[in-house]
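Overview (structure and organization)
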Amino acid sequence: MTAPSDTKAANQMWGGRFAEGPDAIMTAINASIGFDQRLYAQDIAGSRAHAAMLAATGILTPNDAEAIGEGLLTVLSEIETGKFPFRTDLEDIHMNVENRLKELIGAPAGRLHTARSRNDQVAVDFRLWVRDQCDAAILGLTALMRAFVAQAEAGADWVMPGFTHLQTAQPVTWGHHMMAYVEMFARDRSRFEDARRRMNECPLGAAALAGTGFPIDRHMTAQALGFDRPTANSLDSVSDRDFALEFLAASSICAMHLSRFAEELVIWSSAQFRFVRLSDKWTTGSSIMPQKKNPDAAELLRAKVGRILGATVALFTVMKGLPLTYSKDMQEDKEQVFDAADTLMLGLAAMTGMVADMTANRPVLAQAAASGFSTATDLADWLVRELGLPFREAHHVTGTLVAMAETQGCDLPDLTLAQMQAVHPGIRDDVFSVLGVENSVRSRQSYGGTAPDQVRAQVARWKEKLA
């Protein structure tokens, strides 16, 4: 059955081509107002810019343009104060706004849609919204990077184990580990900056797909909405969502980086590691085990990459088989992007809070840094540097000494000089100077290395860039 109100709404939107309104199920599958109402600010901004341009080019009278502009501000106020009655029978945010505008100002509202289509209207709305989300992500990443830089500055010379395969590899500094994430998130930030630059072209004026015969000024609307320029091809303008895909791709990579540090927090805060302590702000208890302090915020953040990556795959799947230009499939472009953007911003805020709040357990870090024969590479390097051994031979000698220490249940610095000389007679007493973890990290002076001086230099560089 078709309700009478549906018929009226259908005729208003689609003109005289349809005698009857849609079936109730068709209305449900076709309507997008349940989610695209989030575009209200962008939709109204685009309409106000369009009306001003129509007046400037003589397509609208100044009186009509003024009535439309003032009426749209009233609609904006109603939405922001929760007084706006969103209607499913009006399908989407565009028709909801236009219908309310007609109720407010009458006939001039019907002239607003001159020289445009819902195709270019939704394209500009969505592009504006995604551009705003890029800006928000850039700000969120900047705050997160500052939190990591602060941790790095505080612990520039604190030693900790560096891992490969989650096995102790070489000693590094806490500051160096923190700055690794600054570099990762800096690349994430640059991806959002790059995506924003590419998407900053205005599709408004492309109309349905072919442009319009009205003498519009697309450069005027582009400038009014903060775009660098209008899009150069009307078919492309209404048919692609690569700007949203690029935002999702950047979000997926960023979420992956968030997840990696979340995983480290889960491991590091465990009783077996005790590298860091998370406060009560970011942990929860157990309903049955009173001793538990679970890193639930980190675990949830670790999981949320799945939602963002899933949104990316979903939109790629929607777009991959569509011929030019617009198809209704593209209505499915928004919910995934909305959810991914919300999830990303929540994740950035949560991680910033956890990084700023966490406390490193310096004594435990130092103890762990000295375990697992972490200075074996330093010993091999010493054999090459001081005795002139080929590295492969030095590697073999060091491996033999590691096996000896392991058999005796001690670490490399605990072996005697005589024991070392039994493996290679050229080893001298000064070998012990390279076997301490503090000496090890201080020696890594190559650019980008873990030496405290190098860490402090990187901290200073990023503090200046983030100021």
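Notes on the structure follow.

1. Some points on a nonpolar patch on the surface
Together, Leu209, Leu235 and Leu324 give the surface a local cluster of nonpolar side chains, amounting to about 270 Å² of exposed area. Position of Leu235 relative to the elements: it lies in helix α10 (residues 234–239). On the accessibility criterion, Leu235 (34% relative accessible area) is partly exposed.

2. What about unusual backbone geometry?
Note: most residues except glycine have negative phi, and most peptide bonds are trans. With an omega dihedral of 5°, the bond running from Leu324 to Thr325 counts as a cis peptide bond. A positive phi angle is found at His165, which is not glycine, with a value near 60°. Secondary-structure assignment places His165 in the loop between β1 (159–164) and β2 (167–173). Phi at Leu166 takes a positive value of approximately 60°, unusual for a residue other than glycine. Inspection of the secondary structure assignment puts Leu166 in the loop between β1 and β2.

3. Considerations on the nonpolar core
Within the largest apolar cluster, 96 residues are counted, with the highest numbers of intra-cluster contacts made by Trp174, Phe192, Phe261 and Met351. Of all the elements, helix α11 (residues 242–268) adds the most residues to this core, at 15 residues. Discounting chain neighbours no more than four positions away, the residues touching Met351 are Leu144, Leu258, Phe261, Ala262, Leu265 and Leu301.

4. Some thoughts on the layout of surface pockets
For the largest pocket, the calculated volume is near 380 Å³. Lining of the largest pocket is provided by 17 residues; of these, Phe163, His177, Tyr181, Arg260 and Glu264 occupy positions nearest its centre. For the lining of the largest pocket, a count of residues per class yields 9 nonpolar, 5 polar and 3 charged.

5. A word on the environment of His395
Here His395 shows up in helix α16 (residues 391–408). C-alpha of His395 to C-alpha of Leu379: the two residues are 16 residues apart in sequence and 8.8 Å apart in space.

6. What about the side chain of Ser279?
On the secondary structure map, Ser279 appears in the loop between β5 (276–277) and α12 (296–319). Residue classification places Ser279 among the buried residues on the basis of a relative accessible area of 13%. Those residues in contact with Ser279 that sit more than four places away from it in its chain are Lys293 and Asp357.

7. Let's talk about empty space enclosed by the protein
Tallied over the entire structure, the rule returns 2 cavities of 30 Å³ or more. Roughly 60 Å³ of volume is contained in the second largest cavity. Ala255, Leu258, Leu301, Lys304, Val305, Ile308, Thr343, Leu344 and Gly347 are the residues that line the second largest cavity. Looking at the lining of the second largest cavity, the elements with two or more residues in it are α11, α12 and α13 (334–357). When residues of the lining of the second largest cavity are assigned to their parent elements, the largest contribution, 4 residues, is made by α12. Its residues assigned to classes, the lining of the second largest cavity shows 6 nonpolar, 2 polar and 1 charged.

8. Considering helix α14 (residues 362–369)
Listed as buried for α14 are Val364, Leu365, Ala368 and Ala369. Across the axial projection of α14, the buried residues extend over an arc of 135°, all falling on one side. Every exposed residue of α14 that faces more than 90 degrees away from the buried side is listed here: Pro363 and Gln367. Those residues of α14 that are buried lie in contact with β1, β2, α8 (174–199), β6 (359–360) and α18 (437–443).

Rules of the game
Residues numbered from 1 in each chain as written. Predicted model: local features only at pLDDT ≥ 70, side-chain atom pairs only at ≥ 80, totals over all residues. Heavy atoms only, no water. Patch = residues over 30% accessible without salt bridge, like charges linked within 9 Å, V, L, I, M, F, W, Y side chains within 5 Å. Areas by Shrake-Rupley, 256 points an atom, 1.4 Å probe, with all protein chains shown as cover. Salt bridge = Lys/Arg side-chain N within 4 Å of Asp/Glu carboxyl O. Helix = DSSP H or I, 4+ residues; strand = E, 2+ residues; numbered from the N terminus. Buried < 20%, exposed > 50% of the residue type's maximum accessible area, 1.4 Å probe, protein only. Core = buried A, V, L, I, M, F, W, Y, C linked by side-chain atoms within 4.5 Å. Contact = heavy atoms within 4.5 Å. 1 Å grid on protein atoms, 1.4 Å probe; cavity = no way out; pocket = protein on both sides within 12 Å on 5 of 7 lines; lining within 4 Å. Points joined across faces, edges and corners; volume = space filled by probe spheres on them. Nonpolar A, V, L, I, M, F, W, Y, C, P; charged D, E, K, R; others polar. Arc of directions from axis to C-beta.

Any link to function would need more than the numbers given here.
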